Amino acid sequence: MAIGWYLAVSSLVFCIGAAGVLLRRNPLVVLLCIELMLNAANLALITFSRMHGDGDGQIFAIIVMVVAACEVCIGLGLVVALYRRRLPIDVDELRELHG
Amino acid sequence: MAEVLFFIAGIGAVAGAIGVASLRNPFYAVLALVFHLLSLAALFLLLRAEFVAAAQVVVYAGAVMVLYVFVVAYVGGEIRPTRPPNTNRVRFLAFLVAGLLFVELAIATLGSGLKAIDTDGAPLPAEPGFGSPEQIGELLLTRFLLAFELASFLLLIAAVGAVVLARRRGGLGEAADERTAPVREALRPPGTGTMLEAVQGLPHEPVTAPADVHESEALAGRREGKE
């Protein structure tokens, strides 16, 4: 398959993730949509790695996976802390830092 | 053959992504993300990134998603709505931004004039397997050693941060949960001699005399019985 098709799938998945971040108000689903965007970036990186025929892009994708795992860790810790403190689990309600 | 596999995996990835962004129940959204990740791993395999595909399935679709499922089960999937749902204007703006982003990304990638964009990619060298664990490991431990070490350090910081964030704090109606009894305390039959019982007496019989008098009388009685 031509390289361009993979890039098209990647940008489509990235936009679906961005729309999900904008639309959904459950922080768990917002985290899932951020995962979608990171995965779309991973697909683009691996596509470019295949295009150039060397492995640097794959290393980059693995590091992105590490960063995504850290983000999931911290994000889920925040959700659990919110739940423990009986705060509303809704990103529009939690606007104390919003000013 | 590669075309058929690409379209199956690509449609699966896009459908999984739409499911994540649109399903009401977060539990089903997590399952849709697992499906999306598996389709993406198939795409990685088509791009000859074998090690990354395996890591995607094992680490991402396995471990990270299990973490998600645990938290969804703990928090309770369905969140009661505290505010009315999004108005149509917000919805329209979100779709508009996403559509414009897609147009921009399509221009940035497909319209970039890359010469290789219509090809299958560079011809691969036969001898060192492209995307194999050997190649990835060699790159990680030689050229990208600093990134590798920083990634491990980042994982450590994230683990410590998650423990600090999610630990139990005092206050807000949690005081009852804070008191914990050791296991020994539950297994031991009453009246078998702890320091607390020596001071307070057994919980079911009221203490009438001070403890030392009581004890000395008992000792005296035992001594009389012996004699």
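What comes next is a walk through the structure.

Basis of the calculations
Residues numbered from 1 in each chain as written. Chains lettered and ligands numbered in written order. Predicted model: local features only at pLDDT ≥ 70, side-chain atom pairs only at ≥ 80, totals over all residues. Helix = DSSP H or I, 4+ residues; strand = E, 2+ residues; numbered from the N terminus. Buried ≥ 20, exposed ≤ 12 C-beta atoms within 10 Å, placed from the backbone. Contact = placed C-beta atoms within 7 Å. Nonpolar A, V, L, I, M, F, W, Y, C, P; charged D, E, K, R; others polar. Expected span 1.5 Å × (residues − 1). Axes fitted to C-alpha atoms, helices over the stretch in contact; angles between N-to-C directions. Parallel < 35°, antiparallel > 145°, perpendicular 65-115°, else oblique.

Describing the overall build of chain B
Part 1: From N to C terminus, chain B includes ten helices and zero strands.
Part 2: Going residue by residue from the N terminus, the α and β elements of chain B occur as α-α-α-α-α-α-α-α-α-α.
Part 3: A burial count over chain B gives 19% of its 227 residues as buried.
Part 4: In chain B, 47% of the contacts between residues at least 6 apart in sequence involve partners at least 24 apart.

Some points on the interface of chain A and chain B
Part 1: On the side of chain B, 74 residues touch chain A, which itself brings 66 residues to the contact.
Part 2: Elements with a contribution of two residues or more to the side of chain A that touches chain B: α1 (3-23), α2 (27-52) and α3 (56-84) of chain A.
Part 3: Residue composition of the side of chain A that touches chain B, by class: 45 nonpolar, 13 polar and eight charged.

Comments concerning helix α3 (residues 50-75) of chain B
Part 1: Compared with the 38 Å implied by 1.5 Å per residue over 26 residues, the 36 Å span of α3 of chain B between its first and last C-alpha is a close match.
Part 2: Where α3 of chain B is buried, its residues touch α2 and α3 of chain A together with α2 (26-46) of chain B.

Some points on the packing of α2 of chain A against α2 of chain B
Part 1: α2 of chain B packs onto α2 of chain A with a crossing angle of 5 degrees between their chain directions and a minimal axis gap of 11 Å. What the angle tells us is that α2 of chain A and α2 of chain B run roughly parallel. Residues Leu28, Val29, Leu32, Glu35, Asn39, Leu43 and Ile46 of chain A of α2 of chain A pack against Pro26, Ala29, Val30, Leu33, Leu37, Leu40, Leu43 and Phe44 of chain B of α2 of chain B.
Part 2: Along the lines of polarity and charge, the residues of the contact of α2 of chain A with α2 of chain B split into 13 nonpolar, one polar and one charged.

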